[in-house]
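Overview (structure and organization)
Residues per chain are reported as follows:
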Amino acid sequence: VRSAGSSDNWFDRNMAILRARFPRAAEVIRSSSAAPEATTNIVRTEQWPGIHEQGQCLDHPSKPQAGAVRWVAQSLNESRLENAEGLVVIGFAAGYHLEVLRKQRPQAALRVIEPSVAVMKAALTARNLAPILEALAGLSVGPELLPEEFDEHSELLVRPQTMAVHAEVVERARRIFYGTR
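Scope of this entry: the structure provided in the associated data block. Since the model is a prediction, treat every value here as computed from it, not as a measurement.

A count of helices and strands for the protein gives eight helices and seven strands. In the protein, buried positions account for 50% of the 181 residues. Look at the contacts in the protein between residues 6 or more apart in sequence, and 70% of them connect residues 24 or more apart. For the protein, the exposed area adds up to about 8,500 Å²; of that, 51% sits on carbon and sulfur atoms.

In structure tokens:
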């Protein structure tokens, strides 16, 4: 994972939280190949890091925080989300959208599936994720999908950027998710 000025300190701090809260996700990250993937990198824009994977910007290319606010506003406009007790988001990226979702829907149990270990490593390296990692109800990392992430009281939200890079995993998640209903 290439980084523009990121701190190994963030990675260590964020991993400590993962080990305590989501040991399975922490183990997936720890046990993955130590070699960085050339197709995943951190790009700093307007002082905020964004993550790119396979040439796809996973956060807004120039204003990741403003892009997160727009995506959340559009997503929460869907009527199926009005009474959802939980939200399952496919795509972690740098986590800006998750912070906005948490603020907009603090009562909803927020679970995240990040199909790419490299993207999750980049996110953990790029910035302080402690507030969002502490607030999550669940986190899965890697292409293996865990049915316990899905329940009939939650609604699924898919980041279009993640769909562009991991369409097969997203389609499998949709089949599992809607099959549990």
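Attention shifts here to the environment of R159. Counting through the fold element by element, R159 comes out in the loop between β7 (154–158) and α7 (160–165). The spacing of R159 and L58 is 101 residues in sequence and 8.4 Å in space, taken between C-alpha atoms. If we ignore the near neighbours within four places in the chain, the residues touching R159 are L58, D59, W71, V89, I90, G91 and H97.

What follows is about the environment of H153. If you trace the backbone, H153 turns up in the loop between β6 (138–141) and β7. H153 gets classed as partly exposed once you look at its relative accessible area, which sits at 39%. For the pair formed by H153 and N83, sequence separation is 70 residues and the distance between their alpha carbons is 8.8 Å. Only 3.4 Å separates the side chain of H153 from the side chain of E152, close enough to count as a polar contact.

Time to look at the nonpolar core. The biggest cluster of nonpolar side chains holds 42 residues, and the ones touching the most others in it are L18, F92, L133, L136 and L139. It is helix α5 (residues 117–126) that contributes the most residues to this core, seven residues altogether. Not counting residues up to four positions away in its chain, the partners in contact with L136 are R21, F22, F92, L110 and V112. The next biggest cluster of nonpolar side chains, apart from the first, holds eleven residues, and it includes F150, L156, V170 and F177.

Another point: the side chain of Q161. Counting through the fold element by element, Q161 comes out in helix α7. Using a relative accessible area of 17% as the deciding quantity, one classes Q161 as buried. Q161 has contacts with Q56, C57 and L58, leaving out every residue within four places of it along the chain.

This next bit is on helix α4 (residues 96–104). In terms of residue burial, α4 counts as a mostly covered element, since seven of its nine residues are buried. Taken together, the buried residues of α4 touch β2 (48–53), α3 (64–76), β4 (86–90), β5 (109–114), α6 (130–135) and β7.

Scanning all chains against the criterion turns up one aromatic pair. Ring geometry for F177 against Y178: centres 4.9 Å apart, planes inclined by 90°, an arrangement best described as edge-to-face. R159 extends its terminal NZ or CZ atom over the ring of W71, reaching a point 4.7 Å from the ring centre.

Positive phi outside glycine occurs at Q54, with the angle close to 50°. Structurally, Q54 is set in the loop between β2 and β3 (56–57). Positioned with a positive phi, A93 is a non-glycine residue whose angle comes to about 50°. Secondary-structure assignment places A93 in the loop between β4 and α4.

Cut-offs applied
Residues numbered from 1 in each chain as written. Predicted model: local features only at pLDDT ≥ 70, side-chain atom pairs only at ≥ 80, totals over all residues. Heavy atoms only, no water. Helix = DSSP H or I, 4+ residues; strand = E, 2+ residues; numbered from the N terminus. Buried < 20%, exposed > 50% of the residue type's maximum accessible area, 1.4 Å probe, protein only. Contact = heavy atoms within 4.5 Å. Areas by Shrake-Rupley, 256 points an atom, 1.4 Å probe, with all protein chains shown as cover. Polar contact = N/O pair within 3.5 Å; in protein donor to acceptor, adjacent residues only side chain to side chain. Core = buried A, V, L, I, M, F, W, Y, C linked by side-chain atoms within 4.5 Å. Phe/Tyr/Trp six-rings, centres within 6.5 Å; stacked < 30°, edge-to-face > 60°. Lys NZ or Arg CZ within 6 Å of the ring centre and 35° of its normal.

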